[in-house]
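Single-letter residue listing:
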Amino acid sequence: MSSQQPGKPRRWKAAIIGFGRIAEGRTDAGALPLSHVDAYLSNRNDVSLEAVADTSAGRRARAAELLPGIRLYSDGEEMLVAERPDIVSICTPDATHVHWLLAAGNAGVRGAWCEKPVAMTAAEADRLAVLAKESGMKVQVCHWRRFVPEISLLARSIRTGEFGEILGATGYYPGGWFRNGTHLVDLVHFLLGPLTLQHAGPSCAEEPDDPGLSVVAGLAGGAYCTLMSVPRRPYNLFELDILCVKARIRVAENGRRIEMQRSKPDPVFRHLEMLRVSRERIACQWRNASRNGLSDLVASLPGGRAPLCGLDDALAVTRFLIAASEFGKRTTPSLPSITCS
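Residues numbered from 1 in each chain as written. Predicted model: local features only at pLDDT ≥ 70, side-chain atom pairs only at ≥ 80, totals over all residues. Heavy atoms only, no water.

Some details on the overall build of the protein
Alright, step 1. Along its length, the protein carries 10 helices and 17 strands.
Alright, step 2. Since a compact globule built from 341 residues should have a radius of gyration of about 20 Å, the 22 Å found for the protein is in line with a globular shape.
Alright, step 3. Based on the C-alpha atoms only, the size of the protein along its principal axes is roughly 70 × 50 × 40 Å.
Alright, step 4. Buried residues in the protein amount to 50% of all 341 residues.
Alright, step 5. Expressed as a percentage of contacts within the protein between residues at least 6 apart in sequence, the contacts between residues at least 24 apart total 67%.
Alright, step 6. As presented, the protein carries roughly 16700 Å² of accessible surface, and 53% of it is formed by carbon and sulfur atoms.
Alright, step 7. Taken as two groups, the 41 positive and 36 negative side-chain charges of the protein have centres that lie 4 Å from each other. (Helix = DSSP H or I, 4+ residues; strand = E, 2+ residues; numbered from the N terminus. Rg over C-alpha atoms; globule rule 2.2 N^0.38 Å. Buried < 20%, exposed > 50% of the residue type's maximum accessible area, 1.4 Å probe, protein only. Contact = heavy atoms within 4.5 Å. Areas by Shrake-Rupley, 256 points an atom, 1.4 Å probe, with all protein chains shown as cover. Lys, Arg positive; Asp, Glu negative; His and termini not counted. Charge placed at Lys NZ, Arg CZ, Asp CG, Glu CD.)

Some thoughts on helix α8 (residues 177-192)
Alright, step 1. Under the 1.5 Å per step criterion, the end-to-end length of α8 is only 20 Å for 16 residues, more than 12% shorter than the ideal 22 Å.
Alright, step 2. Where burial is concerned, most of α8 is hidden: 15 out of the 16 residues are buried.
Alright, step 3. A positive phi of about 100° marks Gly193, the residue just after α8. (Expected span 1.5 Å × (residues − 1).)

Focus: the nonpolar core
Alright, step 1. One finds Leu101, Trp177 and Leu191 to be the most contacted residues of the largest nonpolar core, which totals 77 residues.
Alright, step 2. Top contributing element to this core by residue count: α8, with nine residues.
Alright, step 3. When near neighbours in sequence (up to four residues on either side) are disregarded, Leu191 contacts Ile151, Leu154, Ala155, Ile158, Leu240, Ile242 and Val251.
Alright, step 4. Judged by nonpolar contacts, the second largest core, of 22 residues, contains Ala39, Leu49, Val52 and Trp113. (Core = buried A, V, L, I, M, F, W, Y, C linked by side-chain atoms within 4.5 Å.)

Side note on the packing of helix α7 (residues 149-159) against α8
Alright, step 1. Across the interface, α7 lies against α8 with an axial gap of 8 Å and an inter-helix angle of 45°. By the angle between their directions, the pair α7 and α8 is classed as oblique. On the side of α7, the interface is formed by Ile151, Ser152, Leu154, Ala155, Ile158 and Arg159, while α8 contributes Leu187, Phe190, Leu191 and Leu192.
Alright, step 2. Taken together, the residues that form the contact of α7 with α8 break down as eight nonpolar, one polar and one charged. (Axes fitted to C-alpha atoms, helices over the stretch in contact; angles between N-to-C directions. Parallel < 35°, antiparallel > 145°, perpendicular 65-115°, else oblique. Nonpolar A, V, L, I, M, F, W, Y, C, P; charged D, E, K, R; others polar.)

Points about a nonpolar patch on the surface
Alright, step 1. Taken together, the side chains of Leu167, Leu243, Val245 and Leu275 present a nonpolar region at the surface, about 310 Å² in accessible area.
Alright, step 2. With respect to the helices and strands, Val245 occurs in the loop between β13 (239-244) and β14 (247-252). (Patch = residues over 30% accessible without salt bridge, like charges linked within 9 Å, V, L, I, M, F, W, Y side chains within 5 Å. Salt bridge = Lys/Arg side-chain N within 4 Å of Asp/Glu carboxyl O.)

Re the UniProt feature "domain: Gfo/Idh/MocA-like oxidoreductase N-terminal" (unreviewed entry) in the protein
Alright, step 1. Listed under "domain: Gfo/Idh/MocA-like oxidoreductase N-terminal" (unreviewed entry) in the UniProt record, and renumbered for this structure, are residues 13-142.
Alright, step 2. Secondary structure across residues 13-142 comprises 41% helix and 24% strand; the distance between its end C-alpha atoms is 19 Å. (UniProt positions renumbered as here; feature names shortened; annotations may be inferred.)

So this is what it looks like as structure tokens:
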């Protein structure tokens, strides 16, 4: 583990496994926000990024270009043994996340900062639940909207009853269920509480290896939430529309803006309330979300508290994803064709 000089705050030693676009923050179309490298550089007073592992020589060369002096490995397990990092970013393909979480926990890593989803099967989720108890490793999962201050404030306001009882919610996400639906499921879980699967069926399937699903879930208090996959083209749509007794709330623009319509007395039908035509618009400070997520993980390491998007929450979301996926495979459209004329 990294050494600490007497009288100085702890500076944690970190490493990255998998140096693709999420870690680096770059695609062929240009730079991306919300990268792991940017978060480490922004938290350099608390964390020292010292090593990168990737099986691709080209990606290792890119890491060396971006991070002068970084130590490079072609094998992640070799890196874990040689470097003994405190924190590890896991930015590998989805199906390998559980392997690297288990490897990190067995290597004595204090905190894992993992891309989503953490597991792809119920058996993998069970293995991670055991790992959490046995290793004590903290896990922060990159459901980045949790780390947006305005969305965190919205969650607190909903929980304290500012907007009254939840009546229902509708959400849209682009493309695949495990790649992008996980973000929407986590956002609903964070804002509205646990979900109980009611139905899942085929939806947009533009990603053959990860088809989208349309899902109906129950919420606490008897309300329902509908989640729908839509194509990425002609535009990328990620939204959550929440209907409450005292307001209608919309998380829009991929989590970059919140809109609210609060209730007011109806001037014509005086026994009724209606939603205001004008909307409160709140711009979200979303660009710092990854930096905030890493900072929260670092702050959780010395004590007993869980990170904001810790393994328990991530496993609850993952188990819901898996259950809906399995349900959706058994479901085939059976409604008759009906024309309304």
